[in-house]
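Each chain, letter by letter, is given below.
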Amino acid sequence: MAAVSPSVRTGPIDLAARVDEALAVQAVAFGLGPEEIEVRRHIVLRHLDHPHARALGATTPDGRLVGFVYGLPNERGQWWSTVVEPYLRATGSVHWLDDSFVVTELHVLPEFQNRGIGRALITALTDAAGQPRSILSAIDTDSPARGLYRSLGYRDLARQVLFPSAPKPYAVMGAPLPLRRGRPIDFRPPAPPG
């Protein structure tokens, strides 16, 4: 495991064994209710059945899970791909669905954000991918998560992507691998003068 802050280490985890802990992190970080958590539990476990799915976690010295990421090679028949394909086709980006690694989920508890944990998790996950590029989806707003992804080299491939039952539109983003390193870039608009 690698240290990303004095109190947090990142490394491989058995996400299937810790799925409830991970979903508790996601519920706080993403604002999910109990019904959504139960639906996502089955989705996560189904994804983890893929032979090339990988998961990493961020833990405190006492073993508390404070962040996690997981992903797998994209396959055109997967539900996510079938939803985003028409949007990517409309922007001329459908080829990103081939030979790419999908970052399925990345979440860090709010009190542990802005410490480099999310950056460490996603770069370690994608560094081990055998594909030349990575894709993901994120809520289509100017958020710290989107700023992180942009600083790593992800760019918008399609915006205003609607997933069934999702209350907000998403953006599909893609980046060549390995992800960009270096100083994080702040993509938020400057504060108004005064």
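Criteria and thresholds
- Residues numbered from 1 in each chain as written.
- Predicted model: local features only at pLDDT ≥ 70, side-chain atom pairs only at ≥ 80, totals over all residues.
- Heavy atoms only, no water.
- Pairing = 2+ DSSP bridges.
- Helix = DSSP H or I, 4+ residues; strand = E, 2+ residues; numbered from the N terminus.
- Contact = heavy atoms within 4.5 Å.
- Buried < 20%, exposed > 50% of the residue type's maximum accessible area, 1.4 Å probe, protein only.
- Phe/Tyr/Trp six-rings, centres within 6.5 Å; stacked < 30°, edge-to-face > 60°.
- Salt bridge = Lys/Arg side-chain N within 4 Å of Asp/Glu carboxyl O.
- Axes fitted to C-alpha atoms, helices over the stretch in contact; angles between N-to-C directions.
- Expected span 1.5 Å × (residues − 1).
- pLDDT = per-residue confidence, 0-100.

1. Re the pairing of strand β1 (residues 2-5)
Moving on, step 1. Where β1 meets strand β2 (residues 8-12), three bridges bridge the pair, whose relative direction is antiparallel. Note that in β2 the partner of A2 across the bridge is T10.

2. Some thoughts on the environment of T104
Moving on, step 1. Topologically, T104 is positioned in strand β5 (residues 100-108).
Moving on, step 2. A C-alpha to C-alpha distance of 9.9 Å links T104 and P73, two positions 31 residues apart in sequence.
Moving on, step 3. If near-sequence neighbours (up to four positions away) are discounted, T104 is found in contact with H47, Y70, G71 and L72.

3. Some remarks on the environment of L65
Moving on, step 1. Here L65 lies in strand β4 (residues 65-73).
Moving on, step 2. For L65, a relative accessible area of 4% gives the class buried.
Moving on, step 3. Spatially, the C-alpha atoms of L65 and A175 are 27 Å apart, while their sequence positions differ by 110 residues.
Moving on, step 4. Setting aside anything within four residues of it in sequence, one finds L65 in contact with I13, R18, E21, A22, V25, G57, A58, T59 and L109.

4. Description of the packing of aromatic side chains
Moving on, step 1. Under the definition given, this model contains three aromatic pairs.
Moving on, step 2. Centre to centre, the rings of W79 and F163 are 5.8 Å apart; their planes meet at 35 degrees, and the pair counts as tilted. Residue W79 is located in helix α3 (residues 79-90), and its partner F163 is located in the loop between β7 (155-161) and β8 (170-176); the two are separated by 84 residues in the primary sequence.
Moving on, step 3. Between F163 and Y170, the ring centres sit 5.2 Å apart and the planes meet at 90 degrees, which makes this aromatic pair edge-to-face.

5. Some words on the pattern of salt bridges
Moving on, step 1. Taken as a whole and judged by the stated rule, the model has 14 salt bridges.
Moving on, step 2. A salt bridge links R41 to D20; its shortest N-O distance comes to 2.9 Å. Placement of the pair is R41 in helix α2 (residues 34-48) and D20 in helix α1 (residues 19-30), with a sequence separation of 21 residues.
Moving on, step 3. It is possible to trace a salt-bridge network through shared partners that takes in D140, D142, R146, R150, D156 and R159.

6. A look at the sheet that holds strand β6 (residues 133-139)
Moving on, step 1. Within the open sheet, the eight strands sit side by side as β1-β2-β3-β4-β5-β6-β8-β7. Their pairing is mixed. Two strands lie at the open edges of the sheet, namely β1 and β7, each paired on one side alone. With direction set aside, neighbouring strand axes in the sheet form an average angle of 25 degrees.
Moving on, step 2. Its contacts with the sheet place α2 against β4 and β5, and it is angled at close to 55 degrees to β4.

7. Remarks on α1
Moving on, step 1. Look at α1: 15 Å from first C-alpha to last across 12 residues, which is about the 16 Å you get at 1.5 Å a residue.
Moving on, step 2. If you check which residues of α1 are buried, you get V19, A22, L23, V25, Q26 and A27.
Moving on, step 3. Turning to α1, the residues buried within the fold contact α2, β4 and β5.
Moving on, step 4. Within two residues after α1, G31 carries a phi angle of roughly 70 degrees, on the positive side.

8. Considering the confidence of the model for the protein chain
Moving on, step 1. Of the residues in the protein chain, 93% have a pLDDT of 70 or more, and the chain-wide mean is 92.
Moving on, step 2. Note on residues 184-191: pLDDT is under 50 here. Beyond four places in sequence and across chains, it has eight contacts.

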